[in-house]
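So you can see what is in the structure, the chains are spelled out below.
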Amino acid sequence: MNIRPAVEQDRDAIWNIFHEVVAAGDTYAFDPQMSREDALAYWFCEGTHTHVAEQDRHVVGTYILKVNQGGAGSHVANAAFMVALNARGQGIGRGMGEHCLSEARRIGFRAMQFNFVVSTNESALRLWYQLGFKIVGTLPGAFRHPERGYVDVYVMFRSLL
Ligand SMILES: CC(C)(COP(=O)(O)OP(=O)(O)OC[C@H]1O[C@@H](n2cnc3c(N)ncnc32)[C@H](O)[C@@H]1OP(=O)(O)O)[C@@H](O)C(=O)NCCC(=O)NCCS
């Protein structure tokens, strides 16, 4: 697996993964009907560090790293991760998570926060625990899961010092 900064030519592959994840509607609070234009504008927003993971020169995953808050909160990073459905369970997510933590340290962030980890997202939760994140808060019923209805959402945090 090779992880590198995303370039213009990655936009189609990123959109395919983004659309697949968001259309499923069970992990992110994005509109499942979100347009390609809006999705890519968000994923490539100014100040966002956008990366892709490749396997055999095919993009199989993508992540973004950015500030969680502006101004006096800008020493805390935020990140989001997506792996193509047919590439899951092969270490791509873990590889991107580790890469993201080291990028965040390199940039000078002091901590990383995930604002919206859906409590039913077992694979993500396990991975974030393994990467040293802890649940620091629970948002009761904050996500409307397509099958399970209103489920809790976790805020997760880890220091980078
Ligand atoms: C969460 C996600 C990024 C994980 O990526 P992945 O490439 O499948 O994960 P990996 O193969 O690197 O597995 C890493 C760890 O995740 C956990 N994991 C992965 N798949 C799992 C599954 N089906 N069930 C339970 N845990 C799982 C395990 O802890 C695994 O480590 P282990 O194999 O040593 O136990 C991926 O499933 C995804 O893109 N999901 C949709 C979007 C999403 O939920 N993003 C995160 C939002 S908070």
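Residues numbered from 1 in each chain as written. Predicted model: local features only at pLDDT ≥ 70, side-chain atom pairs only at ≥ 80, totals over all residues.

Novice: Any chance you could explain the packing of helix H1 (residues 11-24) against helix H2 (residues 36-43) here in plain terms?
Specialist: Helix-helix packing: each pair is described by the crossing angle between the helix axes and the interaxial distance. Where H1 meets H2, the axes come as close as 10 Å, and the angle between the chain directions of the two elements is 105 degrees. With respect to each other, H1 and H2 are oriented roughly perpendicular. Contacts between H1 and H2 involve Arg-11, Ile-14, Trp-15 and Phe-18 on the former and, on the latter, Arg-36, Ala-39, Leu-40 and Trp-43. Along the lines of polarity and charge, the residues of the contact of H1 with H2 split into 6 nonpolar, no polar and 2 charged. (Axes fitted to C-alpha atoms, helices over the stretch in contact; angles between N-to-C directions. Helix = DSSP H or I, 4+ residues; strand = E, 2+ residues; numbered from the N terminus. Parallel < 35°, antiparallel > 145°, perpendicular 65-115°, else oblique. Contact = placed C-beta atoms within 7 Å. Nonpolar A, V, L, I, M, F, W, Y, C, P; charged D, E, K, R; others polar.)

Novice: How should I be thinking about the sheet that holds strand E6 (residues 134-145) in this particular structure?
Specialist: For sheets, the rule is that strands pair by backbone hydrogen bonds, running either parallel or antiparallel. Sheet architecture is open: 7 strands sit in the order E1-E2-E3-E4-E5-E7-E6, paired in mixed fashion. Pairing within the sheet leaves two strands with one partner each, and these edge strands are strand E1 (2-5) and E6. Adjacent strand axes in the sheet meet at a mean angle of 25 degrees, parallel and antiparallel pairs treated alike. Bridging between strand E5 (residues 111-118) and strand E7 (residues 149-159) involves 6 bridges; their strand directions are antiparallel. When the sheet's bridge partners are listed, Met-112 is paired in E7 with Arg-158. Packing against the sheet, helix H3 (residues 92-107) makes contact with E1, strand E2 (49-55), strand E3 (58-67), strand E4 (76-83) and E5, and its axis sits at approximately 35 degrees to E3. (Pairing = 2+ DSSP bridges.)

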